[in-house]
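Chain and residue survey
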Amino acid sequence: MMRSSKWIATVASIWIQCTCGASYAFGIYSSVLKSSQGYDQSTLDTVSVFKDIGANAGVLSGLLYSAVAVHRRHRNNHHASFGGPWVVHVAGAVQCFAGYFLLWLSVTGVIHRPGGPLICLFMFVAAHAQTFFNTANVVTAVQNFPDYGGTIVGIMKGFLGLSGAVLIQVYQALFKGNPKIFLLMLALLPSFITLLLMCLVRIDERDTQGNKKQLNRFSTIALLVASYLMIMIIFENIFTFPLWASVTNLVLLLLLLASPLGIAAKALKDESSERCSHSPLLNDHEDKEHDAAYEEEEDREDLNVVQAMRTQNFWLLFIAMACGLGSGLATINNISQIGESLGYTTVEINTLVSLWSIWNFLGRFGAGFVSDILLHSRGWARPVWMIITLSTMTIGHVIIASGFAGNLYVGSVLVGVCYGSHWSLMPTITSELFGVGHMGTIFNTIAIASPVGSYLLSVRVIGYIYDKEASGEQNSCSGTHCFMLSFLIIGCVTLFGSLVASALFFRTKRFYKLVVLRRLHHSARP
């Protein structure tokens, strides 16, 4: 049935992911939030911290998904009317609407200056919705395509990374110069899209031929969307577009985002042809045997979050992510100040900030796609890619520290791509090491490493050293010395992270060979 197909579920998830990354558009409305509430920069930074915590603290979304989707699936082979990923989507939609709507009421004066703690709470709730959308879409996708977890996680995480740029394109075309209305749009649009599509996001574990071929087509669309956005970002930072041009650009973007529906239709047509050309009785018998063996293996391997936290692999992955995700987030949070200290123009800085979402996407998508290919073809255990990306991040941080002409262009590309890659590698490795049963809870627990690492590196390293180097009434700093020591230290941190990832690789190398690869080979048998 079309409504329960994994292909329709994938399209619905992609569309939800494209609208749920509102936390990445904080820069659009942060100025009106600051001016309307009478905040200084320190208070606004505190609100931003609560945004980062809300967007990364997804343990509750994982627990809810396990309760309403995974447990229910193990009790019944069919999906009952109550229970499933849609429940997690509803919880996210409620938080998204409540958080951004209360922020909109605050900046428009309907709620008169509610105070810093309440604004932080509103921001936390609004950003926290993102974890519910993301968990429901990513975990469902992994269960629908267990043999290509890296590719499908890369697609889902990639579109989430692009969502900030997508929402900003909507703002440029419809609400430019009116960030207050943009806040209202953030309350309404993601919630409406999610409620409209959530019933289509279902778990469908039927084995179908051509999964990889169709996923490659989704990947092509993702690359086209990213390329289009990159071109538009560069042009918008150089030229001033009239309204009609912005609207035209938005229409073209929406047409690109609609194209996955055609891929799903083609996949459904191919599935129908396959069912007609095979013996139903034989296939049913083989499918039942395969499903029974697969379910037995999954039940035996799945760990809950408490059991996972008792293993060394969990903490090795957590520490590696604190180094990788924390250093990447610290970099983007300070890239404007780095550019100013090195004499970059405003246009150059804005372009660097805007293009970060593209490098982030390329990392999220590329790491999942390439690691899947080499896992299937050469048996490369996925943690080896963490070693590669963390080592590359070290080079990127050293380049930023060096201060040579154009260093931020090179450094931001390396750090941005590697930062994004961790967001697809970490959930996929989590599903392979601990099982998909409680994947949402476990990978969201590990994701807490991102704000923890960012706080330590941003505040305790970059902020502390910058204040020591700064001078004058404006407490500003100019020159390579402002951030050189900070990023040399951060480079050492990511180098340490690569050593931790190496330990994880050697600990899990045998597991990948005996369990993960065997499962893939078993699934690939006709």
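Within any chain, residue numbers begin from 1 and follow the written order of that chain's sequence. The model is predicted, so local features are restricted to residues of pLDDT at least 70 and side-chain atom pairs to those at 80 or more, both for listing and for counting; the totals for chains, interfaces and linings are taken over all residues. Side-chain numbers come from the whole structure's heavy atoms, not from hydrogens or water.

Going along the chain from the N terminus, every DSSP run of H or I of four or more residues is numbered as a helix, and every run of E of two or more is numbered as a strand. From N to C terminus, the protein includes 20 helices and zero strands. The cut-offs for exposure are 20% and 50% of the maximum accessible area for each residue type, with area from a 1.4 Å probe on protein chains only; residues under the lower value are buried, those over the upper are exposed, and the others partly exposed. Across the 526 residues that make up the protein, the buried fraction comes to 56%. Here, two residues are considered to be in contact whenever any of their heavy atoms come within 4.5 Å of each other. Sequence separation of 24 or more characterises 84% of the internal contacts of the protein that already satisfy a separation of 6 or more. Note on areas: these come from Shrake-Rupley sampling with a 1.4 Å probe, and a residue is covered only by the protein chains present in the view. Carbon together with sulfur atoms contributes 65% to the accessible area of the protein, which is approximately 21,800 Å² in total.

Relative to the elements of secondary structure, Thr-445 occurs in helix H18 (residues 439-447). Residues contacting Thr-445, with those up to four places away along its chain left out, are Val-59, Val-305, Phe-314 and Phe-318.

Quick look at the packing of helix H5 (residues 85-107) against helix H8 (residues 179-197) now. Where helices are involved, their axes are fitted lines through C-alpha atoms of the stretch in contact, as for all axes, and angles between N-to-C directions lie from 0 to 180°. In contact at an axis separation of 8 Å, H5 and H8 are set at 165° when each is read in the N-to-C sense. Relative to H8, H5 is oriented roughly antiparallel. Seen from above, H5 lies across H8 with left-handed handedness. Every residue of H8 that contacts H5 at His-89, Val-90, Ala-93, Cys-96, Phe-97, Tyr-100, Phe-101, Leu-103, Trp-104 and Val-107 is listed here: Lys-180, Leu-183, Leu-184, Leu-186, Ala-187, Leu-188, Pro-190, Ser-191, Thr-194 and Leu-195. Considering only residue class, the contact of H5 with H8 consists of 16 nonpolar, three polar and one charged. Should an angle fall under 35 degrees it is taken as roughly parallel, and over 145 as roughly antiparallel, whereas 65 to 115 is taken as roughly perpendicular and any remaining angle as oblique. By convention the crossing between two helices is left-handed if the near helix lies anticlockwise of the far one by an angle smaller than a right angle, and right-handed if it lies clockwise. Residues are grouped as follows: Ala, Val, Leu, Ile, Met, Phe, Trp, Tyr, Cys and Pro are nonpolar; Asp, Glu, Lys and Arg are charged; every other residue, Gly included, is polar.

Throughout, a disulfide means two cysteine sulfur atoms within 2.5 Å of one another. Under the definition given, this model contains one disulfide. Disulfide partner of Cys-477: Cys-482, at an S-S distance of 2.0 Å. Handedness here is read from the sign of the S-S torsion; for Cys-477 and Cys-482, about -90°, the answer is left-handed. Accessibility assignment for this pair places Cys-477 and Cys-482 in one class, buried.

Throughout this description, the term salt bridge denotes a Lys or Arg side-chain nitrogen within 4 Å of a carboxyl oxygen of Asp or Glu. Inspection of the entire model under this criterion finds four salt bridges. Close ionic contact of Asp-270 with Lys-266 constitutes a salt bridge, the shortest N to O distance being 3.1 Å. Taken together, the positions of Asp-270 and Lys-266, both in helix H11 (residues 260-277) and four residues apart, correspond to about one turn of that helix. Judged by its relative accessible area of 36%, Lys-266 falls in the partly exposed class. For the salt bridge of Asp-372 with Arg-382, the shortest nitrogen-to-oxygen distance reads 3.1 Å. Pair noted here: Asp-372 is in helix H15 (residues 346-378) and Arg-382 is in the loop between H15 and helix H16 (383-402), with a separation of 10 residues, a long-range link. Both residues of the pair, Asp-372 and Arg-382, belong to the buried class. In this structure, a network of salt bridges that share partners links the residues Asp-372, Arg-382 and Glu-432.

On the surface, Leu-243, Val-247, Val-251, Leu-252 and Leu-255 cluster together into a nonpolar patch covering about 440 Å² of accessible area. As for its position among the elements, Val-247 is in helix H10 (residues 243-258). The exposure class assigned to Val-247 is partly exposed, which follows from its relative accessible area of 33%. Residues enter patches when they are more than 30% accessible in relative terms and free of salt bridges; like-charged ones are connected within 9 Å and nonpolar ones (Val, Leu, Ile, Met, Phe, Trp, Tyr) within 5 Å.

Looking now at H15. For an α-helix the count is 3.6 residues per turn, leaving residues at separations of three or four pointing the same way. Expected span, for any helix, means 1.5 Å times one less than how many residues it has. Between its terminal C-alpha atoms H15 stretches 46 Å, which fits the 48 Å expected from 33 residues at 1.5 Å a residue. Looking at the residues trailing H15, positive phi occurs at Gly-379, about 75°.

Per-residue confidence for the protein averages 87 on the pLDDT scale, and 89% of its residues sit at or above 70. Within the protein, helix H12 (residues 280-301) has the poorest average pLDDT of any element, 47, and H16 the best, 97. The pLDDT value expresses, per residue, how confident the predictor is, ranging between 0 and 100. Contacts from residues 77-81, a stretch scored under 50 in pLDDT, to residues over four places away or in other chains number three contacts. Contacts for the low-pLDDT stretch residues 281-300, under 50 throughout, to residues beyond four places or in other chains number 14 contacts.

Attention now goes to unusual backbone geometry. A negative phi angle characterises most non-glycine residues, just as the trans form characterises most peptide bonds. Notably, Arg-113 is not glycine yet its phi reads approximately 35°, a positive angle. By secondary structure assignment, the location of Arg-113 is in the loop between H5 and helix H6 (116-144). Residue class for Arg-113 comes out partly exposed when judged on its relative accessible area of 46%.

Moving on: the packing of aromatic side chains. How two aromatic rings sit relative to each other is set out by the distance from centre to centre and by the angle between their planes. Within 6.5 Å between ring centres, the rings of Phe, Tyr and Trp (the latter by its six-membered ring) count as paired, and their orientation is classed by plane angle as stacked under 30 degrees, edge-to-face over 60, tilted in between. All told, the structure shown has 20 aromatic pairs when counted by the stated rule. Between Phe-101 and Trp-104 the ring centres are 5.6 Å apart and the planes differ by 35°, which places this aromatic pair in the tilted class. Highlighted residues: Phe-101 and Trp-104, both in helix H5, separated by three residues, approximately one helical turn. Given the relative accessible area of 26%, Phe-101 is considered partly exposed. Judged by its relative accessible area of 18%, Trp-104 is buried. Geometrically, the ring pair formed by Trp-356 and Tyr-419 is tilted, given 5.9 Å between the ring centres and 40° between the ring planes. Note that Trp-356 is positioned in helix H15 and Tyr-419 in helix H17 (residues 407-434), a separation of 63 residues in sequence. Taken together through their ring pairs, the aromatic side chains of Trp-7, Phe-145 and Phe-218 make up a single cluster.

As a further point, take the packing of H17 against H18. Look at H17 against H18: their axes get within 9 Å of each other, and the N-to-C directions meet at 135°. By the angle between their axes, H17 is oblique relative to H18. Note on packing geometry: the crossing formed by H17 with H18 is right-handed. When H17 is examined against H18, the residues Trp-423, Met-426, Pro-427, Thr-430, Ser-431 and Phe-434 are found in contact with a partner set consisting of Met-439, Ile-442, Phe-443, Ile-446 and Ala-447. For the contact of H17 with H18, the class distribution of residues is nine nonpolar, two polar and no charged.

Okay, the nonpolar core next. Residues grouped as a nonpolar core are buried Ala, Val, Leu, Ile, Met, Phe, Trp, Tyr and Cys residues, joined through side-chain atoms within 4.5 Å. If you look at the biggest cluster of nonpolar residues, it comprises 115 residues, and the most contacted ones within it are Ile-152, Met-321 and Met-386. With 13 residues, the single largest contributor to this core is helix H14 (residues 312-341). Membership of the second largest hydrophobic core comes to 42 residues, among which are Ile-16, Val-47, Met-123 and Val-170.

On to the environment of Val-459, then. Among the structural elements, Val-459 can be located in helix H19 (residues 449-469). Overall, the relative accessible area of 40% leaves Val-459 in the partly exposed class. It is 8.8 Å that separates the C-alpha atoms of Val-459 and Ala-330, two residues lying 129 residues apart in sequence. Sequence-distant contacts of Val-459, defined by excluding residues within four places in its chain, comprise Ser-454 and Tyr-464.

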